[in-house]
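# Chains, contacts and geometry: an overview
The primary structure of each chain is shown beneath.
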Amino acid sequence: MRAPWKGKREPVNRRTVAASLATGLAAMGLTRSARAQTCPPECVFNVREFGALGDGTTDDAQAFRDAFAAAFHTGGTILVPPGNFAIRSPVFVDGLHGGGTITLRGCGGASKILVRSWLCFQIANVDGLCAIQDLTFVGSPWDGLTGRDCVGVLSFGGNGMTLLERVSFYGVGAFGSHLGADWASLVRAHSTTLRLVDCSFYGCFAEAGAVYADQLRGLTLEDCNFIDIGELDGVAFSKVGGAGNGPWVRVKHLSPQGFSAGMQNAVRLIRCTLDEGPGMSVVVDGPERVEQVALDDCMFNVLGTGFGARFSNVERVRIDGGVVGWASQKATAFDLRDVGSACLCDVRSENGAKANRVLADAACRYLRIEDCPTLDVQSDAARTVVVLDGEVVT
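Keep in mind the model is a prediction, meaning the values are calculated, not measured.

### Regarding the confidence of the model for the protein
Regions with low pLDDT carry predicted coordinates that are not meant to be interpreted in detail. Within the protein, residue pLDDT values average 82, and 79% of them lie at 70 or more. Low confidence marks residues 1-41, where pLDDT is under 50. Its contacts with residues over four positions away, or in another chain, come to 93 contacts. Under a pLDDT of 50 for its full length, residues 258-265 has, in the predicted model, 14 contacts with residues more than four places off or in other chains.

Below is the structure:
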């Protein structure tokens, strides 16, 4: 039997949060954006030195373009100091070769990027590491009508490695346009290995998915929060739940290059919290077979009409630990379709949550449920094994 999961988190109750927003956010640890306000000393290219005002009104996009151009000669760090930097036209960055590293780094919650363009940043073809760190992206407060801010916020392609670390998004609404709904995302990446660490998404809407992966070599999310609502500087944000809202995380295609030696998991989520707002949290459903998906100690809240995670056309699925939280009516925690083998170990449904159903269709070959007594298993897999306390019960 698996050792008890440490660091237990209670399921997020949306009604409790709505009743006491500030208290609820603090209790759930949703104030991460209030980080150290001291800027790191190693930054090289300060966007203010290139003309950025950070006054929340002026378009600072050109200053960012110039800072990136200066850093791209040898690689380097673009510093975003405290301020409200409006991006009203896209910043396109392309081509740092020779294994260099480019970093866009802020000073935590004090460094805000106001999303006022159809796309904020597109960074492509960095042979080495492309990193975004300690920044807060802010959409417009919802006016009760559209909540539309952009088509996308961050787009990456062709980089050796792309890392987002301690990056927060508040109330950003991403809607498709002539580019199509598949473009509407907050973080969109293709032809790279993408890793998100300690990132948070509060009250956001994205038609394609908050994180959308297309032709990735690998995807890892670690200690990330996806929450229905959020508050920043006294302003509440909540744009989830509307018609057409995509999942928090969607993987459409994965490149076979990602399955080389040393690439143990094509898709992996570790200690992530995914609230119920979009109606679906994680979707892996590309036309090409995905080698492996792993969820470790994640927490899902599920709408009665939705599901926690859906995996289709995946060779191996492993769900180890974690909680299925609040749900007002019977719903599906995990939906498995055409999965080669799946193993769920020590996954539990708590506080009377009714979203405890595990579905496996007839195209699944093997399903193993180990020490998950609160889950309702409905399996048409070729073989299903249920184990409790070391004993095979079915």
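### Observations concerning empty space enclosed by the protein
Applying the stated criterion to the full structure yields 2 cavities of 30 Å³ or more. Empty space within the largest cavity amounts to approximately 60 Å³. Elements supplying a minimum of two residues to the lining of the largest cavity: strand 11 (152-157) and strand 15 (185-190). In terms of residue count, strand 11 provides more of the lining of the largest cavity than any other element does, 4 residues in total. The class makeup of the residues in the lining of the largest cavity is 6 nonpolar, 3 polar and 1 charged. Taken as a whole, the second largest cavity encloses approximately 40 Å³ of empty space. Lining the second largest cavity, in full, are Leu295, Asp296, Asp297, Cys298, Phe300, Ile319, Gly321, Gly322, Val323, Val324, Phe334 and Val347. Residues that form the lining of the second largest cavity fall into these classes: 8 nonpolar, 2 polar and 2 charged.

Rules used throughout
- Residues numbered from 1 in each chain as written.
- Predicted model: local features only at pLDDT ≥ 70, side-chain atom pairs only at ≥ 80, totals over all residues.
- Heavy atoms only, no water.
- pLDDT = per-residue confidence, 0-100.
- Contact = heavy atoms within 4.5 Å.
- 1 Å grid on protein atoms, 1.4 Å probe; cavity = no way out; pocket = protein on both sides within 12 Å on 5 of 7 lines; lining within 4 Å.
- Points joined across faces, edges and corners; volume = space filled by probe spheres on them.
- Helix = DSSP H or I, 4+ residues; strand = E, 2+ residues; numbered from the N terminus.
- Nonpolar A, V, L, I, M, F, W, Y, C, P; charged D, E, K, R; others polar.

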